[in-house]
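Chains, contacts and geometry: an overview
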Amino acid sequence: MQTVSQLDPLRDVVAALKKDGPLALVPTMGALHEGHLTLVREAKQRAAHVAVSIFVNPRQFGANEDLDKYPRQIAADSALLEAEGVSLLWAPTVEAMYPQGYATNISVSGVSDGLCGAARPGHFDGVATVVCKLFNQVRPDLALFGEKDWQQLAVIRRMARDLDLLAPKVDAIIGVPTVREADGLAMSSRNAYLSAEDRARAVALPDGMRRAIAEVRAGAAIGDALAALQSALLTNGFSQVDYAEFCDASSLALLTALTDAPARLLVAARIGGTRLIDNMAA
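Residues numbered from 1 in each chain as written. Predicted model: local features only at pLDDT ≥ 70, side-chain atom pairs only at ≥ 80, totals over all residues. Heavy atoms only, no water.

Turning next to the sheet that holds strand 9 (residues 274-281). If you walk across this open sheet you meet the three strands as 7-8-9, and the pairing is antiparallel. What marks the edges here is a single partner per strand, and that holds for strand 7 (240-248) and strand 9. Taken pair by pair, the neighbouring strands of this sheet meet at an average axis angle of 10°, ignoring direction. Two elements, strand 7 and strand 8 (residues 263-271), share eight bridges in a ladder whose sense is antiparallel. Counted as the bridge partner of Phe-246 is Leu-265 from strand 8. Contacting strand 7, strand 8 and strand 9, helix 9 (residues 204-217) crosses the sheet at an angle of about 35° to strand 9. (Pairing = 2+ DSSP bridges. Helix = DSSP H or I, 4+ residues; strand = E, 2+ residues; numbered from the N terminus. Axes fitted to C-alpha atoms, helices over the stretch in contact; angles between N-to-C directions. Contact = heavy atoms within 4.5 Å.)

Pasting the structure below:
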(Lines give C-alpha, C1' and ligand atoms only; values in the text may rest on other atoms or scores of the structure.)
Protein backbone atom coordinates (compact mmCIF):
# COMPACT_ATOMS: atom_id res chain seq x y z
CA MET A 1 0.00 0.00 0.00
CA GLN A 2 1.26 3.43 -0.94
CA THR A 3 0.53 6.31 1.43
CA VAL A 4 0.40 9.79 -0.05
CA SER A 5 -0.29 13.16 1.58
CA GLN A 6 0.41 15.67 -1.23
CA LEU A 7 -1.31 16.21 -4.57
CA ASP A 8 1.57 15.91 -7.03
CA PRO A 9 2.63 12.39 -6.04
CA LEU A 10 -1.05 11.41 -5.72
CA ARG A 11 -1.64 12.10 -9.39
CA ASP A 12 1.31 9.93 -10.40
CA VAL A 13 0.21 7.03 -8.18
CA VAL A 14 -3.39 7.21 -9.41
CA ALA A 15 -2.31 7.26 -13.06
CA ALA A 16 -0.22 4.13 -12.53
CA LEU A 17 -2.99 2.27 -10.69
CA LYS A 18 -5.61 3.06 -13.31
CA LYS A 19 -3.52 1.37 -15.99
CA ASP A 20 -4.62 -1.93 -14.42
CA GLY A 21 -8.35 -1.18 -14.55
CA PRO A 22 -11.03 0.61 -12.53
CA LEU A 23 -10.08 2.43 -9.33
CA ALA A 24 -12.55 2.57 -6.43
CA LEU A 25 -12.46 5.21 -3.69
CA VAL A 26 -13.70 4.78 -0.12
CA PRO A 27 -13.71 8.22 1.55
CA THR A 28 -13.40 8.14 5.36
CA MET A 29 -12.44 10.29 8.33
CA GLY A 30 -10.42 7.44 9.82
CA ALA A 31 -10.98 5.69 13.17
CA LEU A 32 -11.79 2.71 10.99
CA HIS A 33 -14.11 -0.08 12.09
CA GLU A 34 -15.77 -3.09 10.49
CA GLY A 35 -18.24 -0.83 8.67
CA HIS A 36 -15.41 0.89 6.80
CA LEU A 37 -13.70 -2.43 6.09
CA THR A 38 -16.94 -3.76 4.64
CA LEU A 39 -16.85 -0.86 2.17
CA VAL A 40 -13.26 -1.73 1.28
CA ARG A 41 -14.14 -5.39 0.68
CA GLU A 42 -17.08 -4.43 -1.51
CA ALA A 43 -14.83 -2.05 -3.45
CA LYS A 44 -12.32 -4.84 -4.04
CA GLN A 45 -15.08 -6.89 -5.67
CA ARG A 46 -15.84 -4.06 -8.06
CA ALA A 47 -12.46 -2.60 -9.04
CA ALA A 48 -8.87 -3.53 -9.88
CA HIS A 49 -7.53 -1.27 -7.13
CA VAL A 50 -8.96 0.41 -4.03
CA ALA A 51 -7.99 3.82 -2.69
CA VAL A 52 -9.07 4.92 0.78
CA SER A 53 -8.94 8.53 1.91
CA ILE A 54 -8.56 9.54 5.54
CA PHE A 55 -9.22 13.20 6.25
CA VAL A 56 -10.92 14.68 9.31
CA ASN A 57 -12.66 17.50 7.48
CA PRO A 58 -12.90 20.66 9.61
CA ARG A 59 -15.49 22.19 7.29
CA GLN A 60 -18.18 19.68 8.21
CA PHE A 61 -17.89 20.27 11.96
CA GLY A 62 -19.87 23.10 13.52
CA ALA A 63 -19.06 25.25 16.53
CA ASN A 64 -18.94 23.24 19.77
CA GLU A 65 -18.86 19.93 17.87
CA ASP A 66 -16.23 17.21 18.32
CA LEU A 67 -13.55 18.21 15.77
CA ASP A 68 -10.76 18.35 18.36
CA LYS A 69 -11.63 15.06 20.06
CA TYR A 70 -12.62 13.13 16.93
CA PRO A 71 -10.47 9.95 17.07
CA ARG A 72 -7.32 10.07 14.97
CA GLN A 73 -5.38 6.79 14.71
CA ILE A 74 -3.61 6.87 11.38
CA ALA A 75 -1.06 4.15 12.24
CA ALA A 76 -3.73 1.64 13.32
CA ASP A 77 -5.94 2.58 10.36
CA SER A 78 -3.04 2.15 7.95
CA ALA A 79 -2.34 -1.34 9.30
CA LEU A 80 -5.98 -2.34 8.84
CA LEU A 81 -6.03 -1.09 5.25
CA GLU A 82 -2.75 -2.78 4.41
CA ALA A 83 -4.18 -6.07 5.68
CA GLU A 84 -7.23 -5.62 3.44
CA GLY A 85 -5.09 -5.21 0.33
CA VAL A 86 -5.78 -1.51 -0.25
CA SER A 87 -3.48 -0.08 -2.92
CA LEU A 88 -3.51 3.60 -1.94
CA LEU A 89 -4.06 5.56 1.24
CA TRP A 90 -4.69 9.23 0.47
CA ALA A 91 -4.16 11.11 3.74
CA PRO A 92 -3.90 14.80 2.88
CA THR A 93 -2.99 17.44 5.40
CA VAL A 94 -5.44 20.27 6.07
CA GLU A 95 -3.05 22.58 4.22
CA ALA A 96 -3.06 20.31 1.15
CA MET A 97 -6.87 20.15 1.13
CA TYR A 98 -7.52 23.81 1.92
CA PRO A 99 -4.46 25.84 0.92
CA GLN A 100 -3.94 29.44 1.94
CA GLY A 101 -6.64 31.64 0.40
CA TYR A 102 -9.11 28.80 -0.18
CA ALA A 103 -12.50 30.42 -0.85
CA THR A 104 -14.85 27.93 -2.56
CA ASN A 105 -17.86 26.21 -1.04
CA ILE A 106 -20.40 23.76 -2.52
CA SER A 107 -23.96 23.94 -1.22
CA VAL A 108 -26.62 21.40 -2.17
CA SER A 109 -30.13 22.58 -1.37
CA GLY A 110 -33.22 20.41 -0.98
CA VAL A 111 -31.91 17.07 0.28
CA SER A 112 -29.57 18.83 2.71
CA ASP A 113 -32.13 21.19 4.24
CA GLY A 114 -33.82 19.08 6.93
CA LEU A 115 -32.79 16.33 9.35
CA CYS A 116 -29.03 16.62 10.02
CA GLY A 117 -28.91 19.67 7.77
CA ALA A 118 -31.25 21.53 10.12
CA ALA A 119 -29.58 20.21 13.28
CA ARG A 120 -26.04 20.91 12.01
CA PRO A 121 -26.07 24.10 9.89
CA GLY A 122 -23.32 24.12 7.27
CA HIS A 123 -22.47 20.45 7.80
CA PHE A 124 -23.49 19.26 4.35
CA ASP A 125 -21.77 22.19 2.66
CA GLY A 126 -18.58 20.86 4.22
CA VAL A 127 -19.39 17.30 3.15
CA ALA A 128 -20.21 18.24 -0.45
CA THR A 129 -17.13 20.43 -0.75
CA VAL A 130 -14.65 17.88 0.56
CA VAL A 131 -16.16 14.96 -1.35
CA CYS A 132 -16.09 16.91 -4.61
CA LYS A 133 -12.44 17.73 -3.94
CA LEU A 134 -11.68 14.08 -3.15
CA PHE A 135 -13.33 13.03 -6.41
CA ASN A 136 -11.31 15.60 -8.35
CA GLN A 137 -8.09 14.57 -6.63
CA VAL A 138 -8.41 10.78 -6.96
CA ARG A 139 -10.60 10.67 -10.09
CA PRO A 140 -12.07 7.28 -9.14
CA ASP A 141 -14.19 5.19 -11.47
CA LEU A 142 -16.54 4.45 -8.56
CA ALA A 143 -16.92 5.48 -4.93
CA LEU A 144 -18.51 3.65 -2.01
CA PHE A 145 -20.30 5.10 1.02
CA GLY A 146 -22.13 3.54 3.93
CA GLU A 147 -25.91 3.81 3.94
CA LYS A 148 -25.81 4.65 7.66
CA ASP A 149 -25.26 8.25 6.55
CA TRP A 150 -28.29 8.12 4.26
CA GLN A 151 -28.74 11.88 3.96
CA GLN A 152 -25.05 12.32 3.20
CA LEU A 153 -25.34 9.77 0.40
CA ALA A 154 -28.34 11.64 -1.03
CA VAL A 155 -26.42 14.93 -0.92
CA ILE A 156 -23.37 13.45 -2.66
CA ARG A 157 -25.46 11.87 -5.40
CA ARG A 158 -27.35 15.13 -5.96
CA MET A 159 -24.07 17.04 -6.18
CA ALA A 160 -22.59 14.56 -8.65
CA ARG A 161 -25.72 14.72 -10.79
CA ASP A 162 -25.98 18.51 -10.73
CA LEU A 163 -22.28 19.12 -11.46
CA ASP A 164 -22.12 16.47 -14.21
CA LEU A 165 -19.29 14.67 -12.45
CA LEU A 166 -17.74 11.87 -14.47
CA ALA A 167 -15.14 10.50 -12.05
CA PRO A 168 -17.26 9.03 -10.64
CA LYS A 169 -20.55 9.61 -12.41
CA VAL A 170 -23.62 9.51 -10.23
CA ASP A 171 -24.63 5.91 -10.92
CA ALA A 172 -21.13 4.81 -9.83
CA ILE A 173 -21.65 6.24 -6.34
CA ILE A 174 -22.49 3.06 -4.46
CA GLY A 175 -24.36 2.83 -1.16
CA VAL A 176 -23.44 -0.16 1.00
CA PRO A 177 -25.89 -1.37 3.67
CA THR A 178 -25.25 -0.36 7.28
CA VAL A 179 -23.03 -2.70 9.27
CA ARG A 180 -24.34 -3.34 12.79
CA GLU A 181 -23.02 -4.68 16.07
CA ALA A 182 -24.43 -8.00 17.31
CA ASP A 183 -27.13 -6.14 19.31
CA GLY A 184 -28.18 -4.05 16.30
CA LEU A 185 -26.44 -0.73 17.00
CA ALA A 186 -25.07 0.78 13.80
CA MET A 187 -21.28 0.81 13.74
CA SER A 188 -19.82 4.31 14.05
CA SER A 189 -16.50 5.83 15.01
CA ARG A 190 -18.40 7.91 17.55
CA ASN A 191 -19.54 4.78 19.40
CA ALA A 192 -16.09 4.89 21.02
CA TYR A 193 -17.26 7.94 23.01
CA LEU A 194 -19.95 5.92 24.81
CA SER A 195 -19.48 4.73 28.38
CA ALA A 196 -20.24 1.07 29.04
CA GLU A 197 -23.59 2.05 30.53
CA ASP A 198 -24.55 4.32 27.66
CA ARG A 199 -23.40 1.72 25.13
CA ALA A 200 -25.77 -0.81 26.68
CA ARG A 201 -28.63 1.70 26.60
CA ALA A 202 -27.91 2.77 23.01
CA VAL A 203 -29.51 -0.40 21.65
CA ALA A 204 -32.84 1.31 22.37
CA LEU A 205 -32.25 3.25 19.15
CA PRO A 206 -32.33 0.39 16.61
CA ASP A 207 -34.86 -1.52 18.72
CA GLY A 208 -37.21 1.45 18.84
CA MET A 209 -36.81 2.13 15.13
CA ARG A 210 -37.71 -1.42 14.18
CA ARG A 211 -40.74 -1.23 16.46
CA ALA A 212 -41.89 2.08 14.95
CA ILE A 213 -41.60 0.70 11.41
CA ALA A 214 -43.56 -2.42 12.38
CA GLU A 215 -46.29 -0.28 13.96
CA VAL A 216 -46.68 1.89 10.87
CA ARG A 217 -46.71 -1.12 8.56
CA ALA A 218 -49.45 -2.57 10.78
CA GLY A 219 -51.58 0.53 10.28
CA ALA A 220 -50.54 2.93 13.07
CA ALA A 221 -50.36 6.62 12.25
CA ILE A 222 -46.83 7.83 11.56
CA GLY A 223 -47.18 10.61 14.13
CA ASP A 224 -48.18 8.17 16.85
CA ALA A 225 -45.34 5.76 16.04
CA LEU A 226 -42.78 8.57 16.07
CA ALA A 227 -44.08 9.91 19.38
CA ALA A 228 -43.76 6.44 20.90
CA LEU A 229 -40.23 6.09 19.51
CA GLN A 230 -39.10 9.41 20.97
CA SER A 231 -40.66 8.55 24.32
CA ALA A 232 -38.89 5.18 24.38
CA LEU A 233 -35.52 6.76 23.63
CA LEU A 234 -35.88 9.37 26.38
CA THR A 235 -37.03 6.70 28.83
CA ASN A 236 -34.02 4.52 28.01
CA GLY A 237 -31.28 7.07 28.69
CA PHE A 238 -31.19 9.31 25.61
CA SER A 239 -31.12 12.97 26.60
CA GLN A 240 -32.42 14.46 23.34
CA VAL A 241 -33.94 13.43 20.03
CA ASP A 242 -32.81 15.80 17.27
CA TYR A 243 -35.23 14.28 14.79
CA ALA A 244 -37.19 11.12 14.02
CA GLU A 245 -38.90 11.15 10.63
CA PHE A 246 -40.27 8.88 7.94
CA CYS A 247 -39.00 10.22 4.61
CA ASP A 248 -39.11 9.48 0.92
CA ALA A 249 -35.94 7.45 0.33
CA SER A 250 -34.80 9.57 -2.61
CA SER A 251 -35.96 13.15 -2.04
CA LEU A 252 -36.03 12.92 1.79
CA ALA A 253 -39.40 14.69 1.75
CA LEU A 254 -41.21 14.08 5.04
CA LEU A 255 -44.02 11.52 4.89
CA THR A 256 -47.30 11.47 6.77
CA ALA A 257 -48.18 8.01 5.41
CA LEU A 258 -46.34 5.20 3.64
CA THR A 259 -47.01 4.51 -0.02
CA ASP A 260 -45.56 2.07 -2.53
CA ALA A 261 -42.52 4.34 -2.98
CA PRO A 262 -39.33 3.44 -1.05
CA ALA A 263 -39.20 5.13 2.35
CA ARG A 264 -36.74 5.38 5.24
CA LEU A 265 -37.01 6.08 8.94
CA LEU A 266 -34.18 8.44 9.91
CA VAL A 267 -33.28 9.28 13.52
CA ALA A 268 -30.65 11.33 15.32
CA ALA A 269 -30.51 11.23 19.11
CA ARG A 270 -28.03 12.06 21.86
CA ILE A 271 -26.89 9.86 24.71
CA GLY A 272 -24.14 10.67 27.19
CA GLY A 273 -23.10 13.66 25.09
CA THR A 274 -22.73 11.56 21.93
CA ARG A 275 -24.92 12.10 18.90
CA LEU A 276 -25.94 8.88 17.15
CA ILE A 277 -27.67 8.64 13.78
CA ASP A 278 -29.36 5.69 12.14
CA ASN A 279 -31.83 4.89 9.37
CA MET A 280 -33.76 1.87 8.18
CA ALA A 281 -35.90 1.00 5.20
CA ALA A 282 -39.58 1.50 6.00
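Alright, that's what it looks like, and here's the rest.
This part is about the sheet that holds strand 6 (residues 173-176). Sheet strands associate in pairs through backbone hydrogen bonding, adopting either a parallel or an antiparallel arrangement. Spatially, the six strands line up as an open sheet ordered 1-4-3-2-5-6, and their pairing is parallel. Because the sheet does not close on itself, it has two edges, and the strands there are strand 1 (2-4) and strand 6. Strand after strand, the sheet turns through a mean of 25° between neighbouring axes, direction not considered. Both strand 2 (residues 23-28) and strand 3 (residues 49-54) contribute to a ladder of six bridges, which runs parallel.

With that settled, the discussion passes to helix 7 (residues 150-162). Taking 1.5 Å per residue as the helical rise, helix 7 with its 13 residues ought to reach 18 Å, and the 18 Å between its terminal C-alpha atoms agrees with that figure. Taken as a whole, helix 7 has its buried residues at Trp-150, Gln-151, Gln-152, Leu-153, Ala-154, Val-155, Ile-156, Met-159 and Ala-160. Positive backbone phi, at 55°, marks Asp-164, one or two positions downstream of helix 7. (Expected span 1.5 Å × (residues − 1). Buried < 20%, exposed > 50% of the residue type's maximum accessible area, 1.4 Å probe, protein only.)

With that settled, consider the packing of aromatic side chains. Within the structure shown, the criterion is met by four aromatic pairs. Taken together, a centroid distance of 5.1 Å and an interplanar angle of 70° make the contact between Tyr-98 and Tyr-102 edge-to-face. Exposure remark for Tyr-98: the relative accessible area of 11% places this residue in the buried category. When its relative accessible area of 22% is taken as the criterion, Tyr-102 is described as partly exposed. Each ring, one from Phe-135 and one from Phe-145, has its centre 6.4 Å from the other, and the planes form 70°; the classification is edge-to-face. Taken together, the residues span a long stretch of sequence, with Phe-135 in helix 6 (residues 123-138) and Phe-145 in strand 5 (residues 142-146) at a distance of ten residues. (Phe/Tyr/Trp six-rings, centres within 6.5 Å; stacked < 30°, edge-to-face > 60°.)

We now examine the nonpolar core. Leu-88, Val-131, Phe-135, Val-138, Phe-145, Ile-156 and Met-159 are the most contacted members of the largest nonpolar core, which has 45 residues in total. Of all the secondary-structure elements, those providing two or more residues to this core are helix 1 (7-18), strand 2, strand 4 (88-90), helix 6, strand 5, helix 7, strand 7 and strand 8. It is helix 6 that contributes the most residues to this core, nine residues altogether. Leave out the neighbours within four places in its chain, and Val-138 touches Leu-10, Val-14, Leu-23, Leu-25, Ala-51 and Trp-90. Counting 26 residues, the second largest nonpolar core, distinct from the first, contains Leu-185, Ile-213, Val-267 and Ile-271. (Core = buried A, V, L, I, M, F, W, Y, C linked by side-chain atoms within 4.5 Å.)

The subject of this paragraph is unusual backbone geometry. Peptide bonds are mostly trans, and most non-glycine residues show a negative phi. With an omega of 5°, the peptide bond between Ala-167 and Pro-168 qualifies as cis. With respect to the helices and strands, Pro-168 occurs in the loop between helix 7 and strand 6. In this structure, Asn-64 is a non-glycine residue whose phi angle is positive, near 65°. You can see Asn-64 is positioned in the loop between strand 3 and helix 3 (74-83). You can call Asn-64 exposed: its relative accessible area is 85%. At Leu-115, a position not held by glycine, the phi torsion is positive, near 55°. Mapped onto the secondary structure, Leu-115 falls in the loop between helix 4 (94-97) and helix 5 (116-119).

Attention shifts here to the layout of surface pockets. In this structure, the second largest pocket encloses a volume near 250 Å³. For the second largest pocket, the lining is made up of 17 residues, of which Ile-54, Phe-55, Val-56, Arg-72 and Ile-74 are closest to its centre. (1 Å grid on protein atoms, 1.4 Å probe; cavity = no way out; pocket = protein on both sides within 12 Å on 5 of 7 lines; lining within 4 Å. Points joined across faces, edges and corners; volume = space filled by probe spheres on them.)

The next point concerns empty space enclosed by the protein. By the definition in use, this model includes one cavity of 30 Å³ or more. Empty space within the largest cavity amounts to approximately 50 Å³. Around the largest cavity, the lining residues are Lys-148, Leu-185, Ala-186, Ser-188, Asn-191, Leu-205, Pro-206, Leu-276, Ile-277 and Asp-278. Mapped onto the lining of the largest cavity, the elements with two or more residues apiece are helix 9 and strand 9. Here the element with the most residues in the lining of the largest cavity is strand 9; it accounts for three residues.

Let's shift gears to the pairing of strand 2. When you tally the buried positions in strand 2, you get six out of six residues, the bulk of the element. Burial along strand 2 is two-sided: the face carrying Leu-23, Leu-25 and Pro-27 and the face carrying Ala-24, Val-26 and Thr-28 are both buried. Regarding topology, helix 2 (residues 34-46) serves as the crossover connection from strand 2 to the parallel strand 3, and that connection is right-handed. (Right-handed = clockwise from strand over helix to strand, strands pointing away.)

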